[in-house]
Amino acid sequence: MATVYVNDKAVDIGDERLNCVQAAERAGVTIPHYCWHAALSVVASCRMCLVEVGERKVDEKGEVSTVMQPKVVPGCQTPVKDGTVIRTADAKSKDAQQRTLESLLLNHPLDCPVCDKAGECLLQDYSFQFGKAESRMVDEKKTPPNKPDIGTHVGLFTDRCIMCSRCVRFTREVSGTAELHVVNRGTHAEIDVFEGHPLDNKLSLNVVDLCPVGALASKDFLYSQRVWNLKSANGVCGGCSTGCSTHVDSNKDIVYRLRPRFNPRAQGHFMCDEGRLGYHHVNDPARLRQYLVRGENGTRAVEWSEAAGVCREKLGAAASRDPGRVWIVFSPSMTVEEAWLLANYARQLSPFVKLAMGPVTVSGADDTYPKDRKGRPEAKVKFTIRAEKASNARGVRGVLAHFQKDRLDYQHFLQAARGGQVDACLISQGQSPAIYKPGVEEGDALASVGFVAVQEMFASSLTDRAHVVIPASAFSEVDGTLVNHAGLAQAKRASCAPWRGTRTDGQFYLELLERKGLVHAGNLRKEIAKVIPAFKPLESGDLGEYGVYCEKLKDPA
Amino acid sequence: MAAFEPVLLRRLNRPECKTLTGYRADGGYRTLERALKEMSPDQVTTVVKDSGLRGRGGAGFPTGLKWTFLPKGHPGPIYLCVNCDESEPCTFNNRYLIECDPHQVLEGIILASYAIRATTAYFYVRYEYGSGTRTMQRAIDELYAAGMLGKNILGSEYSLDVVVHRGAAAYICGEETGLIESLEGKRAWPRIKPPFPAIEGAFRKPTIVNNPETLANVVNIVERGGEWFKSLGVPPDPKNPRDAGSFGSKLYCISGHVNKPGIVELPMGVTLRELLEVHGGGVWKGRKAKGAIPGGNSMGFCTEAEFDIPLDFNGPGKVGCLGLGTAAVTVFDETTSIVDVLHNLCRFFAHESCGQCTPCREGTAWMLKIVERIKRGQGRLEDLSILEEVADKIGIMPGTTICGLADGAGWPVKTAIRKFRDEFKTYLREGPGKGPSPGMRLQMAGGH
Ligand SMILES: Cc1cc2nc3c(=O)[nH]c(=O)nc-3n(C[C@H](O)[C@H](O)[C@H](O)COP(=O)(O)O)c2cc1C
Ligand code: SF4
Ligand code: SF4
Ligand code: SF4
Ligand code: FES
């Protein structure tokens with residue numbers, strides 16, 4: 001067990017191997033730092049983290065003495081051990097911090113009013129906390145030209161760069177694609193790419209998060225919002241079964257960006273571009289926003305409760321005739337809670353109603369990073385984009401397995417429908433169109449089904465055939481649990497209200513069940529954990545920041 | 001005192017010794033032959049260590065001691081990197097060595113490699129040294145043909161390859177870990193230490209970096225013994241327990257406003273004045289000297305009144321300079337504007353900073369901007385204190401920066417202002433054109 005003293009406060013760091021920046025963090029003290037990042041190699045070049053370091057010793061007589069090193073040292077490069085003393089706020093460290101910041105600001109354009117990073121910029125924050133208010137440079141600043149097309153998704157505001165080289169190290173060490181590098185020396189050093197080889201890889205937008213300043217900007221987000229107007233909610237990416245933890249940033253129920261949220265259990269620090277940019281459908285004005293009932297006299301828009309009533313009536317009637325000819329199809333992107341409510345409704349209809357898994361998109365093979373120079377995956381994997389493009393196939397399967405022995409999938413359903421063995425069905429197909437778009441033949445398969453209810457975000461071949469159309473909610477609108485490829489159950493929070501006039505999917509299922517109240521993910525988790533052993537780890541209702549493992553839901557090795 | 005007979009430069013004007021036959025006829029490679037037969041690698045190291053030889057590359061680190069930092073019993077490979085990047089302005093001692101006596105350097109390389117059990121020696125040579133590079137390559141080819149490089153050198157158990165690597169043409173390639181990065185094919189961005197190269201250097205293997213002049217000295221030390229070496233130069237200062245002495249002879253480069261620029265080998269400790277008057281032929285055009293740089297740009301300035309300092313490892317420090325550096329003396333005469341000189345030096349460091357560390361990248365450029373503005377006649381009195389302060393804090397090692405370049409960039413600035421403050425003030429008051437020799441550029445030898 002090791003004790004480190006940070007600004008005279010003792011912290012126990014156990015037997016972990018930490019540097020001064022990390023150890024200070026444990027003591028609640030921020031050592032400002034730019035170039036150091038937990039997921040990248042140590043270069044100790046920005047010299048923002050200079051601190052005084054020393055050693056505390058106790059002699060035989062029990063006398064305590066502290067010997068400090070005469071000069072400040074980079075905290076990110078200096079490991080701590082038992083007895084290490086760190087001083088971050090004394091004159092020497094303060095002087096060093098002020099000097100580094102003064103240097104960094106010498107040529108910085110200070111165009112915060114038009115900079116995307118303003119509000120979450122470490123240069124702003126540290127200058128405020130550790131810097132001086134005025135610059136002593138009266139000479140002209142350098143003004144290197146911007147490189148708006150340095151990457152497919154990323155632009156570079158060259159003059160804002162503080163040369164921390166995080167972006168360069170990311171493309172070398174994590175993506176392995178090595179597009180970014182430094183050209184020129186000294187104050188003329190710039191981040192650049194080789195002609196004709198822009199920053200273009202499936203992880204490229206991570207450099208925007210890594211960039212401590214507003215030098216690298218996401219073209220997708222650029223100039224769309226001031227970050228202080230954004231509200232951030234913890235999310236989980238729906239792009240694939242990796243299930244990266246995210247921040248969903250929205251303003252007035254419009255989602256403006258997704259960012260990775262550090263989660264050592266899910267994906268680490270990063271996320272892929274496809275997942276990050278996979279939110280646009282949420283704000284799409286073409287989204288369905290009306291509950292529709294289609295009858296002999298044409299199509300009517302109805303209140304949500306009426307739509308639920310029609311479903312109850314038709315499905316109920318069909319189930320009492322022949323429950324084996326009633327099918328409920330579950331989307332692999334719905335939450336565990338939603339699946340639970342919908343399955344409960346199915347069982348309320350009859351124990352013989354068929355429960356089928358919706359379409360699970362699998363595209364290619366798992367894509368791992370880093371790549372080597374020839375684009376082949378390296379042995380030591382730091383990030384995986386999974387082939388299975390469904391965020392909760394395991395969670396939904398776990399629920400279905402409890403209610404039905406046979407495992408039925410989407411093909412079984414379509415076959416039965418085509419074969420005229422389906423009298424009524426409810427298809428929950430809330431997947432993003434980027435991941436799954438029903439084909440014409442799927443709609444045709446429903447031609448002879450007597451009653452079709454479809455929950456969808458956009459009009460599709462399925463809604464064309466539906467007798468009841470139920471607008472589906474987007475990932476940003478629901479609280480709930482998603483289980484990733486490794487059986488990790490993570491909680492995501494709603495950041496936006498459902499579209500006006502609509503209810504969330506879960507709320508609609510409650511209506512089907514004629515259950516009162518609102519969807520409360522925590523309570524539902526407790527309920528599920530009591531009944532389904534595979535979900536026992538959810539029993540507290542709270543999954544914490546990183547989620548909990550449901551071992552039984554993991555793929556068999 | 002009897003005139004000193006050059007040792008390192010004894011074949012300076014004997015072009016026949018550039019060939020293997022000529023060098024051997026002069027007694028060359030006998031030391032190597034004897035060492036391979038009669039001495040163990042550790043014995044060679046001990047001889048070098050006991051001689052008190054200190055590195056000639058600038059830092060003056062005891063050579064034998066450095067060799068002992070290698071991990072004991074390492075399975076290999078271990079590398080020797082010969083640092084012939086020699087980009088310090090006005091420094092050209094290695095250039096003479098490799099152009100005029102390549103085999104002496106190579107004998108030193110093989111001896112040192114044997115001592116440290118290296119399997120490959122990389123000869124990292126300044127890009128601009130085309131002629132020297134070709135001379136070295138020819139000499140290496142001769143050695144391979146004669147069975148004196150490659151497998152089983154001179155019939156012994158010992159095998160060594162020597163590979164010439166042309167440098168990436170930047171000052172920072174001479175910093176030892178910048179050199180290693182550059183050798184590995186990367187940008188010469190100096191590495192953070194630890195680990196030091198002796199533990200983890202080129203290609204992540206234990207590596208020793210030495211200067212060619214250091215290695216040439218090794219030949220003569222192994223040949224004549226440490227006692228001979230110690231009979232030259234200056235013994236340690238008894239009052240300074242950290243002084244390791246300045247033994248042996250040194251190649252002094254003389255340039256700038258002198259009548260006879262060039263190179264001379266002398267026992268360590270010659271005074272700057274003697275070097276200038278006796279060996280450099282005095283200041284040119286009958287003028288007086290204003291000051292000098294005692295050992296390459298990074299060492300700072302001394303005034304004419306300080307010319308009596310001995311040019312050993314301690315001397316320049318006594319008058320507020322950083323140290324001996326490369327022992328390349330650049331003199332400027334009384335008509336030279338110190339503002340011009342400083343501007344020239346600031347340009348050099350701002351141009352050569354590799355740009356990794358914030359204090360160095362920004363500090364060198366800022367100092368240049370200020371000096372440029374002063375030179376234009378738009379200086380302010382407070383600029384002097386800003387310059388002094390930045391120069392003082394830019395490169396405190398270890399701490400503010402990764403390598404010594406930043407420290408070196410600070411010394412000329414702070415010494416110029418401290419030692420020539422009145423001239424700066426006059427210049428600030430009266431502007432360009434009023435001070436001594438306005439607009440005159442100090443002509444510097446050695447490139448840049
Ligand atoms: C910026 C910088 C440039 C340097 N350039 C050279 C050089 O050109 N040649 C050299 O031998 N040493 C140079 N050095 C010193 C080397 O880092 C190293 O100390 C030296 O090569 C060791 O050799 P030695 O022990 O034989 O002197 C430089 C150091 C710094 C900080
Ligand atoms: S662009 Fe950003 S991440 Fe890259 S070096 Fe500059 S400041 Fe650092
Ligand atoms: S890897 Fe998968 S979960 Fe992670 S961001 Fe990409 S699509 Fe989303
Ligand atoms: S001190 Fe200067 S030259 Fe040396 S590593 Fe840092 S930036 Fe590069
Ligand atoms: S964070 Fe330590 S030097 Fe950059």
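1. Observations concerning the layout of surface pockets
All names here are of chain A.
Right, so step 1: Quantified by volume, the second largest pocket comes out at close to 1,400 Å³.
Right, so step 2: Within the residue set of the lining of the second largest pocket, elements represented by two or more residues are helix 4 (166-173) and strand 8 (181-183).
Right, so step 3: For the lining of the second largest pocket, the leading source of residues is helix 4, giving four residues.
Right, so step 4: Considered class by class, the residues forming the lining of the second largest pocket number 15 nonpolar, nine polar and 15 charged.

2. Digging into the packing of helix 15 (residues 381-393) of chain B against helix 16 (residues 405-419) of chain B
All names here are of chain B.
Right, so step 1: Where helix 15 contacts helix 16, the axes come no closer than 8 Å and their chain directions differ by 140°. The hand of the helix 15/helix 16 crossing is left-handed. The segment helix 15 lies against helix 16, with Leu 384, Leu 387, Glu 388, Ala 391 and Asp 392 engaging Gly 410, Val 413, Lys 414, Ile 417 and Arg 418.
Right, so step 2: Its residues assigned to classes, the contact of helix 15 with helix 16 comprises five nonpolar, one polar and four charged.

3. Description of the sheet that holds strand 11 (residues 328-333) of chain B
Residues and elements named next belong to chain B.
Right, so step 1: With mixed pairing, five strands are arranged side by side in an open sheet as 8-7-11-9-10. Looking at strand neighbours, the two that pair on one side only are strand 8 (262-267) and strand 10 (302-303), the edges of this open sheet.
Right, so step 2: The sheet contact formed by strand 9 (residues 289-293) and strand 11 spans four bridges and is antiparallel. In the sheet register, Ala 292 faces strand 11, and the bridge partner there is Val 331.

4. Section: the state of the cysteines
Right, so step 1: In this structure the tally under the stated criterion is zero disulfides over all chains.
Right, so step 2: A:Cys425 takes part in no disulfide bond, and the closest cysteine sulfur to it belongs to A:Cys311, at a distance of 10 Å.
Right, so step 3: Free cysteine B:Cys90: the closest other cysteine sulfur is in B:Cys253, separated by 8.7 Å.

5. Re the site of ligand 2
Residues and elements named next belong to chain A.
Right, so step 1: Not every one of the 13 residues close to ligand 2 is listed here, only the nearest: Cys 161, Cys 164, Ser 165, Cys 167 and Cys 211.
Right, so step 2: When atoms are counted within 2 Å of each cavity's grid points, the one that captures over half of ligand 2 is the second largest cavity.
Right, so step 3: In terms of residue class, the shell around ligand 2 is built from twelve nonpolar, one polar and no charged.

6. Notes on the interface of chain B and chain A
Right, so step 1: Each partner contributes to the interface: chain B provides 35 residues, whereas chain A provides 36 residues.
Right, so step 2: Note on chain B versus chain A: buried area summed over both sides is about 2,800 Å², and carbon and sulfur give 52% of it.
Right, so step 3: On inspection of chain B and its partner chain A, the count reaches five salt bridges.
Right, so step 4: Residues B:Lys393 and A:Asp95 are paired through a salt bridge, measuring 3.5 Å at the closest nitrogen-oxygen approach.
Right, so step 5: Here chain B and chain A share 17 residue pairs in polar contact (both at pLDDT 80 or more) between them.
Right, so step 6: Within the residue set of the side of chain B that touches chain A, elements represented by two or more residues are helix 13 (338-352), helix 14 (358-376) and helix 15 of chain B.
Right, so step 7: Tallying contributions element by element places helix 14 of chain B first for the side of chain B that touches chain A, with nine residues.
Right, so step 8: Residues of the side of chain B that touches chain A, tallied by class, amount to 17 nonpolar, eight polar and ten charged.

7. Let's talk about the pairing of strand 14 (residues 291-295) of chain A
Residues and elements named next belong to chain A.
Right, so step 1: Pairing geometry for strand 14 and strand 15 (residues 298-302), over five bridges, is antiparallel. Across the sheet, Gly 295 pairs through a bridge with Gly 298, a residue of strand 15.
Right, so step 2: Counting the residues between successive antiparallel strands, the hairpin from strand 14 to strand 15 contains two residues.
Right, so step 3: Sheet topology note: the strand 14/strand 22 (residues 468-471) ladder contains two bridges and is antiparallel. Paired with Val 293 across the bridge in strand 22 is Val 468.

8. Some thoughts on the domain arrangement of chain B
A common way to report how large an interface is uses the accessible area buried once the components associate.
Residues and elements named next belong to chain B.
Right, so step 1: Its domain assignment divides chain B into domain 1 (15-232), domain 2 (249-333) and domain 3 (338-430).
Right, so step 2: Spacing between the C-alpha centres of domain 2 and domain 3 amounts to 22 Å.
Right, so step 3: A combined buried area of about 1,200 Å² lies between domain 2 and domain 3, and 70% of that area is made up of carbon and sulfur atoms.
Right, so step 4: If you sort the residues of domain 2 by the area they bury against domain 3, Lys 290, Asn 297 and Phe 301 come out on top, with a joint share of 49%.
Right, so step 5: Seen at the junction of domain 2 and domain 3, the total is two salt bridges.
Right, so step 6: The partner of Glu 423 in a salt bridge is Lys 290, and the shortest N-O contact between them spans 2.6 Å.

9. Description of the domain arrangement of chain A
All names here are of chain A.
Right, so step 1: The domains assigned to chain A are domain 1 (2-101), domain 2 (107-129 + 139-283) and domain 3 (291-553).
Right, so step 2: Between the C-alpha centres of domain 2 and domain 3 there is a distance of 34 Å.
Right, so step 3: Domain 2 puts 41 residues into the contact, and the matching count from domain 3 is 42 residues.
Right, so step 4: Taking both partners together, domain 2 and domain 3 bury about 3,200 Å²; carbon and sulfur atoms supply 58% of that area.
Right, so step 5: Counting across the domain 2 and domain 3 interface gives two salt bridges.
Right, so step 6: Ionic pairing is found between Glu 545 and Arg 261, a salt bridge with its closest N-O pair at 3.9 Å.
Right, so step 7: If you look at where domain 2 meets domain 3, you find 17 residue pairs in polar contact (both at pLDDT 80 or more).
Right, so step 8: Elements represented by at least two residues in the side of domain 2 that touches domain 3 include exactly strand 11 (231-236), strand 12 (245-251) and strand 13 (254-260).
Right, so step 9: The element that contributes the greatest number of residues to the side of domain 2 that touches domain 3 is strand 11, accounting for five residues.
Right, so step 10: Broken down by class, the residue content of the side of domain 2 that touches domain 3 amounts to 19 nonpolar, 16 polar and six charged.

10. Remarks on the sheet that holds strand 22 of chain A
All names here are of chain A.
Right, so step 1: Pairing is mixed in the open sheet, where seven strands are placed in the order 15-14-22-21-20-16-17. A strand with exactly one partner marks an edge of an open sheet, and here the two such strands are strand 15 and strand 17 (354-357). Here the strands of the sheet are splayed against their neighbours by 15° on average, with no regard to which way each runs.
Right, so step 2: Contacting strand 16 (326-330), strand 17 and strand 20 (424-429), helix 8 (residues 336-349) crosses the sheet at an angle of about 175° to strand 16.

About the thresholds
Residues numbered from 1 in each chain as written. Chains lettered and ligands numbered in written order. Predicted model: local features only at pLDDT ≥ 70, side-chain atom pairs only at ≥ 80, totals over all residues. Heavy atoms only, no water. 1 Å grid on protein atoms, 1.4 Å probe; cavity = no way out; pocket = protein on both sides within 12 Å on 5 of 7 lines; lining within 4 Å. Points joined across faces, edges and corners; volume = space filled by probe spheres on them. Helix = DSSP H or I, 4+ residues; strand = E, 2+ residues; numbered from the N terminus. Nonpolar A, V, L, I, M, F, W, Y, C, P; charged D, E, K, R; others polar. Axes fitted to C-alpha atoms, helices over the stretch in contact; angles between N-to-C directions. Left-handed = near helix turned anticlockwise from the far one by under 90°. Contact = heavy atoms within 4.5 Å. Pairing = 2+ DSSP bridges. Disulfide = S-S within 2.5 Å. Near = heavy atom within 4 Å. Sits in = over half its atoms within 2 Å of the grid points. Buried area = accessible area lost by both parts, 1.4 Å probe. Salt bridge = Lys/Arg side-chain N within 4 Å of Asp/Glu carboxyl O. Polar contact = N/O pair within 3.5 Å; in protein donor to acceptor, adjacent residues only side chain to side chain. Domains from an automatic or database assignment.

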